[in-house]
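# Structural overview for review
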Amino acid sequence: MLRSARFLLSVTRQLVPRAVVHQSLARAHYSGVKLPASNYYSKSSMAPQLLPAASGELIVKNARHLTVHEEAIEKLADRVIRGIKEKEINIENFSQHEHHPTAKDAHAPNWIFLIDTLNFCFWTPGSDATKWKVDGQTGYFALCAAINRAMREGIDITNPAYYAKITLEQLEGILRSDTEGTKAPLLEERVQCLHEVGRVLLDRYEGRFENCVRACEGSAVKLLQRVVEDFPCFRDEAILEHEADGATIETRVSFYKRAQILVGDLWSCYRGEGLGRFEDIDAITMFADYRVPQVLVHFGTLAYGDELMAVLKEDKLLANGCREEMEIRGASIYVVERLKVLVRAKLLTDHPDVKPSCVNAILLDHFLWDYRRKHAAELEYIPFHKTISVYY
């Protein structure tokens, strides 16, 4: 029997959530489900002890529910190098996508900021549920298509003066689905996020995300820190309990999926130049979501323990911030960081005609995420973790 929505939400987000939410997704629905304000407002504004790369390393070192296989990462490195040589992995791919802006578009910075404010939780509960679609697209690209459609219809959707006051009904209309009776998930939470970031963008940056970027003087890390400090709904953190020097301690770790992809999208859109030039872009890791881990398991770089695999196969919700979820996301960051190092080493020794700088965690994430989309049916045998959250 379904637990009440009130109980579900009480455990979906806590500062140090421990439990796995045992609720069948086949009967779960987004409609009427409202995440508590603490889901993105209650966390401390202090900087975390660890940024994502160091967080991933610490999480893997203390992992209980999964293992990392170095030899499989080395094999995946060979596949990545093939992708580089065949232009499958290339910074140009972002701007060439029909739904993305280019560096020549004046609205690009505000468009990217808006998209990454709303870039979370697209999965559909239940295997037989009708997916949210816009112009035939699902998930992230459905969001892009909806925003572009609104712009064509004359809606000033990339202007924070508009979306800082947007109503639920207005956003529902903007994100309307091709399929009748289907809505974008977590509409109320998306409205709250828009109100929050819109007000800050107007108050501090004259309504232009470009001003926020320029204030960071070409530093990806400064921009990352500024975004998570100024815009709380980007503050994707958790508390990891682990052993150190014979004692049990708690360390604040971070994943910053949406904040990092925001930096990465700027870098990709501007091809690492102009507004997208960041001297420390290598500090940005992959964007820890629920799909890339599926690919990493497919390639054998990650292996879930029996207990965790059983939970995933039973389609149970993982509470955002629980141990299992932290390990999946942290291990994904760790594996891609190792992959980056190995690919660059192989390029130096075996492929001197290719610059090692042509690959970073952003491009590796793009490759893995695109691989999942291209091979979706092939990867269905691997369950992906499901979490209701505004963070990814």
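How each quantity is defined
- Residues numbered from 1 in each chain as written.
- Predicted model: local features only at pLDDT ≥ 70, side-chain atom pairs only at ≥ 80, totals over all residues.
- Heavy atoms only, no water.
- Pairing = 2+ DSSP bridges.
- Helix = DSSP H or I, 4+ residues; strand = E, 2+ residues; numbered from the N terminus.
- Buried < 20%, exposed > 50% of the residue type's maximum accessible area, 1.4 Å probe, protein only.
- Axes fitted to C-alpha atoms, helices over the stretch in contact; angles between N-to-C directions.
- Parallel < 35°, antiparallel > 145°, perpendicular 65-115°, else oblique.
- Left-handed = near helix turned anticlockwise from the far one by under 90°.
- Contact = heavy atoms within 4.5 Å.
- Core = buried A, V, L, I, M, F, W, Y, C linked by side-chain atoms within 4.5 Å.
- Phe/Tyr/Trp six-rings, centres within 6.5 Å; stacked < 30°, edge-to-face > 60°.
- Lys NZ or Arg CZ within 6 Å of the ring centre and 35° of its normal.
- pLDDT = per-residue confidence, 0-100.

A word on the pairing of strand β6 (residues 247–254). Strand direction decides the pairing type here: strand β5 (residues 237–244) and β6, joined by 8 bridges, are antiparallel. For Ala244, the partnering residue across the bridge sits in β6 and is Ala247. Where β5 folds back onto β6 in an antiparallel hairpin, the turn is made up of 2 residues, including Asp245, whose phi is positive at roughly 55°.

The next thing to look at is unusual backbone geometry. Positive phi values are uncommon outside glycine, yet Cys121 reaches one of about 50°. Assignment of secondary structure puts Cys121 in the loop between α6 (108–117) and β3 (133–134). Phi angles above zero are rare outside glycine, and Glu217 is one such case at about 55°. Considering the arrangement of structural elements, one finds Glu217 in the loop between α11 (209–214) and α12 (220–230). Overall, the relative accessible area of 66% leaves Glu217 in the exposed class.

Helices that pack against each other are described as a pair by the angle of their axes relative to one another and the distance between those axes. One way to put it is that α6 packs onto helix α7 (residues 139–152) with a least axis distance of 10 Å and a crossing angle of 135°. As far as their axial angle goes, α7 and α6 are oblique. Relative to α7, α6 is oriented so that their crossing is right-handed. Contact with α6, carried on its side by Trp111, Leu114 and Ile115, involves Tyr140, Leu143, Cys144, Ile147, Asn148 and Met151 of α7 and no other residues of that element.

Turning our attention to the nonpolar core. Across soluble globular proteins, you tend to see nonpolar side chains buried next to one another. Residues Phe209, Leu223 and Phe234 are the most contacted members of the largest nonpolar core, which totals 124 residues. With 10 residues, the single largest contributor to this core is helix α16 (residues 323–350).

Let us look at the packing of aromatic side chains. Ring pairs (aromatic) are described by centroid distance and by the angle formed between their planes. Per the stated rule, a full pass over the model turns up 12 aromatic pairs. Centre to centre, the rings of Tyr140 and Phe141 are 5.0 Å apart; their planes meet at 65°, and the pair counts as edge-to-face. Note on Phe141: relative accessible area 6%, which makes it buried. These aromatic residues form a ring-pair network of at least three members: Phe113, Phe209, Phe231 and Phe234. In this arrangement the basic side chain of Arg190 is found over the ring face of Phe120, its NZ or CZ atom lying 4.2 Å from the centre.

Another aspect to go through is the confidence of the model for the protein chain. Mean pLDDT for the protein chain: 88, with 86% of residues reaching 70 or above. Here residues 1–47 is a poorly scored stretch, pLDDT under 50, and it has 99 contacts once near neighbours within four places are set aside; other chains count.

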